[in-house]
Amino acid sequence: MRTHVKRIASIADEIMTFLLLENFSTLSLTIVPEGKVTTFRFVSENCSMPQEKLDEILEVLNQPRQIELETYYWSLLGESGADMSLSVVGRMIDSAHGHFENGSVVLTFTREEIE
Amino acid sequence: MELFNRLKKPLPNRLRVTLLFYFPLICLIGVVIANDPQVLENFIKIQLSPAILLTDYLEIGGVAATLLNVGMIALMNILLFYHLKLPYTGLMFAAFFTIFGFSFLGMTLVNLIPIYLGGLLYSRYAKIKFRSIIMLSVFAGTLGPVVSHLIFGYGFTGIFAWTLGISMGIVLGFFVIPIARHLLKFHDGFNLYNIGFASGIIGIIFVSVMKSLGYPTERVVLLYQSHNSIILALTLISCLYLMTVGYFAEEELIKKWKLILPVSGRAISDFTEPAGFGATLFNMGVVGLMSTALVLILGGIVNGFTMAAIFTIIGFGAFGKHPKNIWPIFAGAILSSMLLGLPLNSTTTLGSILFATTLVPIAGVYGPGWGIVAGFLHVFVVRQVGDFHGGLNLYNNGFAGGLVAGVLIIIIQTLKGGEK
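Report follows, based on the coordinates. (Residues numbered from 1 in each chain as written. Chains lettered and ligands numbered in written order. Predicted model: local features only at pLDDT ≥ 70, side-chain atom pairs only at ≥ 80, totals over all residues.)

**Brief notes about the overall build of chain A**
Next, step 1: From N to C terminus, chain A includes 4 helices and 4 strands.
Next, step 2: Put simply, chain A runs from its N terminus to its C terminus through helices and strands in the order α-β-β-α-α-α-β-β.
Next, step 3: Against the globule reference of 13 Å for 115 residues, chain A gives a C-alpha radius of gyration of 13 Å, in line with a compact fold.
Next, step 4: Projecting the C-alpha coordinates of chain A onto the three principal axes gives extents of approximately 40 × 25 × 20 Å.
Next, step 5: Look at the contacts in chain A between residues 6 or more apart in sequence, and 60% of them connect residues 24 or more apart. (Helix = DSSP H or I, 4+ residues; strand = E, 2+ residues; numbered from the N terminus. Rg over C-alpha atoms; globule rule 2.2 N^0.38 Å. Contact = placed C-beta atoms within 7 Å.)

Laid out in C-alpha cells, this is it:
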C-alpha cells in the first residue's frame, strides 16, 4: 500500500514539474482514489501550449502499461521534468486524456493498482 | 517463404518469444561442430569454477562445453519467460542477451539459480508477481561469482560450502532488487547497466567482510587468446539473423529504424514502442555488427570477454543503444586508451571500449561531445575499480559507468545552468 501511494505521489510530482516548467502559472491537481483505480486531474491555467505539443505528450503517456518496467524505474520520477520521465509515467498509467478548456490545459489519467 | 510471409504480419507476443529459441539452437549446433569428446567433463569443470572476473569459459572448458553452458542458460531463461507469459519488450531483450553473453564469462547454472530463487522470495515478500521483477533477477546474475567463489574459491568444503554459497546467492538475489532500484537515482538513469553499479557496491561490502575474516578475494585473468571460427560465426550469424527477422517483420523497416535514432537512450528507452518489433531487431543486429567490426578492425580476438560485451550491446540495442549514441562513446574510450598507451587489440582494452556504451544516454541527452568525454573518463575509472569488489561483480563496467555518470551529469547540468 505504501509503495502504491508513493508511486501515485511520484506520478503527480513528475507531471506537476513538467507542467510548471512548461507554464509557470496556477496549477491545480485532484487525485481521486476509488478502490483500486486512481484518477488524476491536472489543470494548468493560462497555458499557451500548442496542440502539437499536447498531442506529443499524450502519445508518450499512452504507451502501453509495463509492470516489469514500473517496478524498477518508478524511482526515477519526480525530479527531472524531462520528456524521458514522461515515458516512465506512461508505463505506469492505464490511460491519459488531455484537452484545452477556457485557455487551460486539462490532463486526466487513470491508474489501476496491479500486483 | 510462407514463414517469411507470416513474419510480415504482427506476431503474437508468445510467438515472438519463440524466436529466441534460435539462440540455444545455434549453441547446440556449435557444440556438435566443435566435436569435443570431453564436452561433459569440461562442462562440469565450468560449473565448478569459482567464476571470478575474468574467467573466460572458452579458456577453461573449451568451445563445446562453453556453448553447452550458454545454450542451457539461454534455454532456461526462455522457458522461464514463456512460463511467466512475459510480453516482448526492450528490457526483456536487454536482459536475455546480457545473460547470454555473460554465460561465456562467469555465469553458470550453479550460480544463477540461487539468485533467481532470491528474486522469487523477494516477490513473495513484497507481494508482487515474480514476472514484475524477473528481469531484475536475470540481470542480478552479475553476482554469480559470489555464489561460485563461496562454494569453490575460498577453500570451504563439502556441504558447508554449498550451503553457504547457495544461501548467500538467495540473500543477494533478494536484496539486490531494492538496492538497485534505490541506486538508480544516483545517476538518474544515465548508466544503462545499473544492476552492475548496485552489485559493485554490494561486492565491495562483501569483499571487505571476507577479507576482514581472513578470506581475501584474488582476481584472475583466464582469457581465451585464439581466434575461433565457430565463435566468430556464431556472433556474425546471430547479428544477421536479428536483422533478417527484423527485415521480414517490418514493412517500412528503414523508416521505422530512423525513429530509433533520435531517442536519447536514457532509461526508459524501449525501442519496441516507438519503432516496433522489426526495427528493434534490426537495430540490435546493426549495433552487434558495429561492435564485432570494431573488435576485428582493432585486431582483437572474439573470446568470452568480448562475446559478453558484444551480446550485451546487442541486447541493449532494444533498450537504449543505437549507432548515433554509441559512436561518441567508442571514440572517447579509444582516445583515452591511446592516451594511456594501452594496446587497442588487447581483450581488456576492447572490453572497456565496448562496455563503455553503458553511458550512451549521456551522448543521447547532452550530445556527442559529452558522449566522448564520458567514454574517455570511463576507461580511466574502469581500470581501477575492479579490485574494489574483487571481481565478484561481473558488470564491472556497470559499476564504473555508474560512478562516471553520477558525477558527470552533475557537472554537465551545473555548466548548463541546471541550478538556476
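More follows now that the structure is in view.
**Some details on helix H14 (residues 277–297) of chain B**
All names here are of chain B.
Next, step 1: Taking 1.5 Å as the rise per residue, H14 with 21 residues should run 30 Å; its terminal C-alpha atoms sit 30 Å apart, in good agreement.
Next, step 2: Most of H14 is tucked away, with 17 of its 21 residues classed as buried.
Next, step 3: The first or second residue beyond H14 is Gly299, which carries a positive phi of 85 degrees. (Expected span 1.5 Å × (residues − 1). Buried ≥ 20, exposed ≤ 12 C-beta atoms within 10 Å, placed from the backbone.)

**Let's talk about the pairing of strand E2 (residues 37–44) of chain A**
Residue and element names in this part refer to chain A.
Next, step 1: Covered by surrounding structure in E2 are Thr38, Phe40, Phe42 and Ser44 only, the residues Val37, Thr39, Arg41 and Val43 on the alternate face being uncovered.
Next, step 2: Pairing of strand E1 (residues 27–34) with E2 involves 8 bridges; the strand directions are antiparallel. In the sheet register, Leu27 faces E2, and the bridge partner there is Ser44.
Next, step 3: Of the strand pairs in this sheet, E2 and strand E4 (residues 104–112) are connected by 8 bridges, and their pairing is antiparallel. In the strand pairing of E4, Val43 is matched with Val106. (Pairing = 2+ DSSP bridges.)

**Digging into the interface of chain A and chain B**
Next, step 1: Across the contact, 16 residues belong to chain A and 21 residues belong to chain B.
Next, step 2: Looking at the side of chain A that touches chain B, the elements that each hand over two or more residues are helix H3 (67–73) and helix H4 (83–92) of chain A.
Next, step 3: In terms of residue count, H3 of chain A provides more of the side of chain A that touches chain B than any other element does, 6 residues in total.
Next, step 4: Taken together, the residues of the side of chain A that touches chain B sort by class into 7 nonpolar, 6 polar and 3 charged. (Nonpolar A, V, L, I, M, F, W, Y, C, P; charged D, E, K, R; others polar.)

**Let's talk about helix H8 (residues 130–139) of chain B**
Next, step 1: A large share of H8 of chain B lies buried, amounting to 8 of its 10 residues.
Next, step 2: For H8 of chain B, the set of buried residues is Ser132, Ile133, Ile134, Met135, Leu136, Ser137, Val138 and Phe139 of chain B.
Next, step 3: Taken together, the buried residues of H8 of chain B touch H3 of chain A together with helix H5 (57–83), helix H6 (90–102), helix H7 (109–125), helix H10 (158–187) and helix H11 (194–212) of chain B.

**Focus on the packing of helix H12 (residues 229–249) of chain B against H14 of chain B**
All names here are of chain B.
Next, step 1: Between H12 and H14, whose axes approach to 7 Å, the crossing angle comes to 155 degrees. In this view, H12 runs roughly antiparallel relative to H14, as classed from their interaxial angle. Relative to H14, the crossing made by H12 is left-handed. When H12 is examined against H14, the residues Thr235, Leu236, Ser238, Cys239, Leu240, Leu242, Met243, Val245, Gly246, Tyr247 and Ala249 are found in contact with a partner set consisting of Phe277, Gly278, Ala279, Leu281, Phe282, Met284, Gly285, Val286, Gly288, Leu289 and Thr292.
Next, step 2: Per-class residue counts for the contact of H12 with H14 are 15 nonpolar, 7 polar and no charged. (Axes fitted to C-alpha atoms, helices over the stretch in contact; angles between N-to-C directions. Parallel < 35°, antiparallel > 145°, perpendicular 65-115°, else oblique. Left-handed = near helix turned anticlockwise from the far one by under 90°.)

**What about the environment of Ile177 of chain B?**
Residues and elements named next belong to chain B.
Next, step 1: Following the sequence through the fold, Ile177 ends up in helix H10.
Next, step 2: Using a count of 25 C-beta atoms within 10 Å as the deciding quantity, one classes Ile177 as buried.
Next, step 3: Counting along the chain gives 57 residues from Ile177 to Leu234, while the straight-line C-alpha distance between them is 32 Å.
Next, step 4: Ile177 has contacts with Gly119, Tyr122, Ile133 and Leu136, leaving out every residue within four places of it along the chain.

**Details of the sheet that holds strand E3 (residues 95–101) of chain A**
In a beta sheet, neighbouring strands are held together by backbone hydrogen bonds and run either parallel or antiparallel to one another.
Residue and element names in this part refer to chain A.
Next, step 1: Strand order in the open sheet formed by 4 strands is E1-E2-E4-E3, and the pairing between neighbours is antiparallel. The open sheet is flanked by E1 and E3, the only strands paired with a single partner. Taken over all neighbouring pairs, the strand axes of this sheet differ in orientation by 15 degrees on average, direction set aside.
Next, step 2: Pairing of E3 with E4, which is carried by 7 bridges, proceeds in the antiparallel orientation. Paired with Phe100 across the two strands is Val105, which belongs to E4.
Next, step 3: Contacts from helix H1 (residues 2–22) reach E1, E2 and E4, with the element oriented near 160 degrees to E1.
Next, step 4: Sheet strands touched by helix H2 (residues 51–61): E3 and E4. Its angle to E3, the strand with the most contacts, is close to 165 degrees.

**Quick word on unusual backbone geometry**
Next, step 1: Cis peptide bonds are those with omega within 30 degrees of zero, and the linkage from Leu53 of chain B to Leu54 of chain B qualifies with -10 degrees.
Next, step 2: Looking at the element boundaries, Leu54 of chain B is found in the loop between helix H4 (39–47) and H5.
Next, step 3: The step from Ala267 of chain B to Ile268 of chain B runs through a cis peptide bond, and the omega angle for that step is 0 degrees.
Next, step 4: With respect to the element layout, Ile268 of chain B can be found in the loop between helix H13 (253–260) and H14.
Next, step 5: The residue Asn46 of chain A is not glycine, and still its phi comes out positive at about 50 degrees.
Next, step 6: Structurally, Asn46 of chain A is set in the loop between E2 and H2.
Next, step 7: Unusually for a residue other than glycine, Lys127 of chain B sits at a positive phi of about 55 degrees.

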